[in-house]
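# Coordinate inspection notes
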2 protein chains.
Amino acid sequence: MHCLIIGAAGMLGDGLAKRLIREGKVGTRKIAKLSLFDIIEPKKLEGGDVEIATGATDIADPAAAVALIEARPDVIFHLAAIVSGEAERDFDKGYSINLDGTRYLFEAVRAAHEKDGYFPRIVFTSSLAVFGSPLPEVISDDFIITPRSSYGTQKAIGELLLADYSRKGFFDGIGIRLPTICIRPGKPNAAASGFFSSILREPLAGQAAVLPVDTSVRHWFASPRAAIGFMVHAAMVDTSLIGERRNMTMPGVSATVSDEIEALRKIAGDEAVALINHQPDPAIEAIISTWPQAFDAKRALDLGFEADSSFEAIIEAYLEDYAPKIGG
Amino acid sequence: MHCLIIGAAGMLGDGLAKRLIREGKVGTRKIAKLSLFDIIEPKKLEGGDVEIATGATDIADPAAAVALIEARPDVIFHLAAIVSGEAERDFDKGYSINLDGTRYLFEAVRAAHEKDGYFPRIVFTSSLAVFGSPLPEVISDDFIITPRSSYGTQKAIGELLLADYSRKGFFDGIGIRLPTICIRPGKPNAAASGFFSSILREPLAGQAAVLPVDTSVRHWFASPRAAIGFMVHAAMVDTSLIGERRNMTMPGVSATVSDEIEALRKIAGDEAVALINHQPDPAIEAIISTWPQAFDAKRALDLGFEADSSFEAIIEAYLEDYAPKIGG
């Protein structure tokens, strides 16, 4: 089979590509070819038995998707997006990539379906940003989608389009709302959610980190390993079990900052915890206070999607998968 | 003030125009001008003190909205849409009018806002079709939007865009999900919902009607008079009370077919009821079984939106507003 990853240069896209190459199959189906595309050409990976193609593409161009599906990939992982902060600052760019780009892809697949019966699985990564406060403490699968950002709006529209195109039989789509990724490897970034990772990642590498919110703050997490696992499972899950509600929240670990710190203490000791400096930032506290705290992700669990087992497991997955690269 | 109705040739648009002319104001603000547009030019109404402009426009053309807002109307009623059955049959046309047409309007207003600070109220009529089964018996304001038709998908996307553009301060939008309109004046039509009106309208005019479902079927209704009232109220409600959730389900009357029939009996007697022929149609029963039965429309009620008081009131409103025209 042939898998296409759009957005393959990002952290999750790159990790997904490596996992697909390592396993050489999706479920029981052998992967013959893997196509890796992004706005900049993803780095060339060693594919072994899997043929690897890479390239740069701009999905804001309607012709891009037509070219991407020319070889009729069996599974399309659509991860490409302008991230939340940038979509909020640049309204046109966010709509152009996150809404129009997604629609061009779906339209290209529909045209191919109508031409020759092409019927790929499309895995679309959505986001918790589709939810907007006020929110209950635990959010059910039936809770309303009312985004409070342009990014969340664009992802919610992508979900609706995915469900309608799937319902009409143009392709076999599944949308997965990823929890906040933690521990995100790499350098600290300016995202409001950055501290959830940095208060663990930096101390694990012997460096200081700033905690801008109270330790009672609760949120919903998945390791990169679990998130990549969701995508692979979404590529092979039996969609006849899903019905018409093609989008769902992925399971995660609901944890407070205090839970994070205690998990760090167990794994790296008091010395690591001492590297966390609590410097409350009311602006960040205000943003985080509107975020989801926990979900009852029953639909996804029933379909076999598997979350990390604990916050300690999240830290252990990070140490195994990424820490050697940053010297931890 | 200047009001623009896009979709003014339809039953509700025409009724809204007549009500605005009759009252001569929205809330306390005097209406100086009323612009009436549709895909075909709406019929010329006698405006009295209100200046009336009419014209044909195709909102699938991006230039159309730019021209429509050239005179900077203070309130825009956006009612124009391809209806459910046609949007399901003609996928491209539905998306072109219901999604792209709505987005072109919002984009034109945003461009005007960025140019000269233009900031109209936009009243967008959405639909119960944004909800998809399985549904609870009574649907709360927090229930998830999962349409099972392209029309419902397009309306749900319009809601998301309206909320995001309002949140960004480009205009002051409010989206109102109308109940099923009953009694719809005019001739029987092929819509699956048509019998809800025809089992009353035809007997009130001394004619036979077919009931294709069981009398236990329950649904959510508003008279044309109440629906027009929702639009007028949406044009003047204090949107600072709404917050960022700019879309809401309108209050209605939850009634069974049996309730409809008993209301008919009270108003027009056994003779009228005897004109209803029960001929079960499994295809229509299957469609209707997926529809909402009742809502807890708390948000709209708190904002002062007023439903019909009973099913009898719905019939009485029909007799006063429309029946003379069809000879009832």
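Residues numbered from 1 in each chain as written. Chains lettered and ligands numbered in written order. Predicted model: local features only at pLDDT ≥ 70, side-chain atom pairs only at ≥ 80, totals over all residues. Heavy atoms only, no water.

### Here we look at the overall build of chain A
As a reminder of what qualifies: Helix and strand definitions follow DSSP, with helices as H or I runs of at least four residues and strands as E runs of at least two, each counted in order from the N terminus. We call a residue buried when its accessible area falls under 20% of the maximum for its residue type, exposed when it is over 50%, and partly exposed in between, using a 1.4 Å probe and counting protein chains only. With residues, only the protein chains shown are counted as cover, and all accessible areas are computed by Shrake-Rupley using a 1.4 Å probe.
Broken down by element type, chain A carries 11 helices and 14 strands. Considering only C-alpha atoms, chain A reaches an extent of 60 × 45 × 40 Å along its principal axes. Buried positions account for 58% of the 328 residues belonging to chain A. Accessible area of chain A: about 13,000 Å², with a carbon and sulfur share of 51%.

### A word on the pattern of salt bridges
Heads up, the condition is: Counted as salt bridges are all cases of a side-chain nitrogen of Lys or Arg within 4 Å of a carboxyl oxygen of Asp or Glu.
Throughout the structure, instances matching the rule amount to 50 salt bridges over all chains. Between Glu 23 of chain A and Arg 19 of chain A there is a salt bridge, with its nearest N and O atoms 3.0 Å apart. Of the two residues, Glu 23 of chain A and Arg 19 of chain A are both situated in helix α1 (residues 11-23); the distance of four residues between them amounts to about one turn of the helix. Residue class for Glu 23 of chain A comes out partly exposed when judged on its relative accessible area of 35%. When the shortest N-O distance is used, the salt bridge between Glu 88 of chain B and Arg 167 of chain A registers 2.8 Å. Taken together, the residues span two chains, with Glu 88 of chain B in helix α3 (residues 84-89) and Arg 167 of chain A in helix α5 (residues 150-167). Overall, the relative accessible area of 25% leaves Glu 88 of chain B in the partly exposed class.

### Quick word on the nonpolar core
What counts here: Nine residue types can take part in a nonpolar core, namely buried Ala, Val, Leu, Ile, Met, Phe, Trp, Tyr and Cys, and a core is a set of them joined through side-chain atoms within 4.5 Å. Throughout, a residue-residue contact means that at least one pair of heavy atoms, one from each residue, lies within 4.5 Å.
Of all hydrophobic cores here, the largest spans 85 residues; its most connected members are Ile 76 of chain A together with Ile 76 of chain B. Excluding residues that lie within four positions of it along the chain, Ile 76 of chain A makes contacts with Leu 4, Ile 6, Ile 69, Leu 105, Val 109, Tyr 118, Pro 120, Arg 121, Ile 122 and Val 123 of chain A. Counting residues in each nonpolar core, the second largest holds 69 residues, with Val 50, Ile 52, Val 75 and Ala 263 of chain A among its members.

### Quick look at the side chain of Ser 150 of chain A
This is how it is decided: Under the rule applied, a polar contact is a pair of N or O atoms within 3.5 Å (in protein, one hydrogen donor and one hydrogen acceptor; residues adjacent in sequence only if both atoms are side-chain atoms).
Along the chain, the position of Ser 150 of chain A falls in helix α5. A distance of 2.7 Å separates a polar atom in the side chain of Ser 150 of chain A from a polar atom in the side chain of Asp 164 of chain B. If near-sequence neighbours (up to four positions away) are discounted, Ser 150 of chain A is found in contact with Ala 87, Glu 88, Phe 91 and Tyr 95 of chain A together with Asp 164, Arg 167 and Lys 168 of chain B.

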